[in-house]
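Understanding the architecture of this molecule
Next come the chains, spelled out residue by residue.
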Amino acid sequence: ASWNISLSAALSYRERRLLGFGREAESLRSIRDYEVATVDIDVAGRPTSVKLDDRLKLVIAQGQAEGLQFSALDGVFTTDELNLLRTPCDSLGLIALLPNREVEVGETWTPNLWAGQFIAGLDAVTESKMTCKLESVTESIARVTFEGTVDGATLGSTSKVTLKGGYDYDLVSKSISGADMTQTEARSVGVVSPGMKISARVRLLRKPATIPGRLAEEALVSRGQADVSADALRIRFDSPWNLSLLHDRDWHLFHFNENVAILRMLEQGSFVAQLNVAPIPDVAAGQQTSA
């Protein structure tokens, strides 16, 4: 069976760059304070929505080869909350498309080899082709276009991602001030996700914050610069059966309804284990649940 899925998301946050813990993608790190984080989803005419809990709005974004790793300073995400933050054309990820040398109007360049995998968010890459071009320069804005394809795999599924868009670089504030990108993906059926054909349009607007808010607190920045604990990287699963549990990010929610939740564990794309969680049926007074 196949279903049509439409999704509309809105994210608004303040962001402050931090020192990364490595080279290439791992050099990218920031602390964010989300003001708005919500998504409306329609699956075959059945609408649902996800909203980020207020206590989880202080977030650390840390670059890795396979994309950004998000963790909350004051709690743990559910799968839906974590997926809400994983968007194409992320403000931190676009830095990977900046040139590492001076370029002239009309000139093209190839981004760093890790840029394609990082922006596409794939666990592994077999081929990546990305090209950027400086289209124009005004007194304050440099306009860059980019396009490319990335072939690889994620969550045990093969994937082909196509990226096309552009961004504006503010020559005064020396930062990316806006972007517009279309991302399409063809993903095969995997052990934790269905096959999908995705088309996403993303628009990004950035400007220096006139009011820094909580991100002006140096104590908060110090917390954001510290190593992320293993507990902060766990995922929270809340069931309707008065049961909540925390699990590692190697475990993925495969199926869920009112009768059962099925989680599957992947290691380097390979299916390792499955966990079924279901409520024990009610029994009459004086009797016991059978084995």
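Right, let's walk through the structure included here. (Residues numbered from 1 in each chain as written. Predicted model: local features only at pLDDT ≥ 70, side-chain atom pairs only at ≥ 80, totals over all residues. Heavy atoms only, no water.)

Looking at the overall build of the chain
Stated formally: Strands here are runs of E lasting at least two residues and helices are runs of H or I lasting at least four, both read from the DSSP assignment and numbered beginning at the N terminus. In this setup the radius of gyration rests on C-alpha atoms only. A globule is expected at 2.2 Å times the number of residues raised to 0.38. The classification of residues rests on relative accessible area computed with a 1.4 Å probe and restricted to protein chains. Under 20% of the type maximum is buried, over 50% is exposed, and intermediate values are partly exposed. For this analysis, residues touch if any pair of their heavy atoms sits within 4.5 Å. Each accessible area value is a Shrake-Rupley result obtained with a 1.4 Å probe; residue values ignore everything except the protein chains displayed when judging cover. The charge count includes Lys and Arg as positive and Asp and Glu as negative, but it does not include His or the ends of the chains. Lys charges are placed at NZ, Arg charges at CZ, Asp charges at CG and Glu charges at CD.
Tallying secondary structure elements over the chain gives 3 helices and 16 strands in all. Relative to the globule expectation of 19 Å for 291 residues, the C-alpha radius of gyration of the chain, 21 Å, shows essentially globular dimensions. Within the chain, the proportion of its 291 residues that are buried is 37%. Expressed as a percentage of contacts within the chain between residues at least 6 apart in sequence, the contacts between residues at least 24 apart total 52%. Accessible surface, the chain: about 16,900 Å² in total, of which carbon and sulfur atoms supply 51%. Within the chain, the 37 negative side-chain charges are centred at a point lying 3 Å from the centre of the 30 positive side-chain charges.

Describing the sheet that holds strand β14 (residues 251–256)
Our working definition: If DSSP finds at least two bridges between two strands, the strands pair. Every angle, taken between N-to-C directions, lies between 0 and 180 degrees, and every axis is a line fitted to C-alpha atoms, over only the stretch in contact when it is a helix.
Read from one edge of the open sheet, 3 strands run β14-β15-β16, paired in antiparallel fashion. Every other strand in the sheet has two partners, leaving β14 and β16 (270–277) as the edge strands with one partner each. The average angle at which neighbouring strand axes cross in this sheet is 25°, direction not considered. Pairing analysis gives 7 bridges linking strand β15 (residues 261–267) to β16, with the strands arranged antiparallel. The residue bridging A261 from the neighbouring strand is V277, located in β16.

Digging into the pattern of salt bridges
Filter applied, for reference: We count a salt bridge whenever a side-chain nitrogen from Lys or Arg sits within 4 Å of a carboxyl oxygen from Asp or Glu.
On inspection of all chains with the given rule, the structure shows 20 salt bridges. With a closest N to O distance of 3.1 Å, R16 and E218 form a salt bridge. A residue pair is termed long-range when its members are at least 10 positions apart, and R16 in strand β1 (residues 5–17) and E218 in helix α3 (residues 218–225) qualify at 202 residues. By relative accessible area, which is 28% here, R16 ends up partly exposed.

Structural notes on the pairing of strand β9 (residues 157–170)
Sheet topology places strand β8 (residues 141–154) next to β9; 14 bridges connect them, and they run antiparallel. The residue of β9 that forms the bridge with I141 is D170. Hairpin remark: β8 followed by β9, antiparallel, with 2 residues in the connecting loop; positive phi at L155, about 50°. Linking two consecutive strands that pair antiparallel, namely β9 and strand β10 (residues 175–187), is a turn of 4 residues; a positive phi of about 55° is found at K174 within it.

Some details on a nonpolar patch on the surface
Selection criterion: Like-charged residues within 9 Å of one another, or nonpolar side chains (Val, Leu, Ile, Met, Phe, Trp, Tyr) within 5 Å, are grouped into patches, provided each residue has over 30% relative accessible area and no salt bridge.
Where nonpolar side chains cluster on the molecular surface, the patch consists of W3, I5 and V43 and spans about 330 Å² of accessible area. On the secondary structure map, V43 appears in strand β2 (residues 29–43).

Some words on the side chain of T154
Secondary-structure assignment places T154 in strand β8. Setting aside residues no more than four positions away along its own chain, T154 makes contact with G121, L122, D123, E185 and R187.

Brief notes about the sheet that holds strand β11 (residues 196–205)
Sheet architecture is open: 6 strands sit in the order β6-β7-β8-β9-β10-β11, paired in antiparallel fashion. What marks the edges here is a single partner per strand, and that holds for β6 (108–109) and β11.

Things to note about the nonpolar core
Heads up, the rule is: Grouping buried Ala, Val, Leu, Ile, Met, Phe, Trp, Tyr and Cys residues that are joined through side-chain atoms within 4.5 Å yields what is termed a nonpolar core.
Residues F70, F77 and L97 are the most contacted members of the largest nonpolar core, which totals 46 residues. Excluding anything up to four places from it in sequence, F70 contacts R32, Y34, V59, I60, A61, F77, L82, L85, R86, D90, L233 and R249. Counting 8 residues, the second largest nonpolar core, distinct from the first, contains L18, I31, L58 and L215.

Topic: the layout of surface pockets
Inclusion rule: Cavity: a set of points on a 1 Å grid over the protein atoms alone where a 1.4 Å probe fits but cannot get out. Pocket: an open set with protein on both sides within 12 Å along at least five of seven lines, its lining residues, like those of a cavity, having an atom within 4 Å of a point. Grid points are joined across faces, edges and corners, and a volume is the space filled by probe spheres set on the points. Lys, Arg, Asp and Glu make up the charged group, whereas Ala, Val, Leu, Ile, Met, Phe, Trp, Tyr, Cys and Pro make up the nonpolar group; the residues left over, Gly among them, are polar.
What the second largest pocket holds in volume is close to 160 Å³. Considering the residues around the second largest pocket, the lining is formed by L98, P99, E102, V103, W109, L134, V137, A142, V144, Y167, Y169 and L171. Breaking the lining of the second largest pocket down by element, the ones donating at least two residues are β7 (124–137), β8 and β9. Grouping the amino acids of the lining of the second largest pocket by side-chain chemistry returns 11 nonpolar, no polar and 1 charged.

Thoughts on a negative patch on the surface
A contiguous patch of negative charge on the surface is contributed by E24, E26, E66 and D123. Within the fold, E24 resides in the loop between β1 and β2.

What to know about α3
Test applied: Working definition: the arc comes from the directions between the helix axis and the C-beta atoms, pointing outward to the latter.
Residues of α3 that are buried include every one of L220, V221 and G224, and no others. The buried residues of α3 occupy an angular sector of 100° when the element is viewed end-on, so they sit on one face. Residues of α3 that are buried make contact with β1, β2 and β4 (58–64).

Just distances and angles here, no functional claims.
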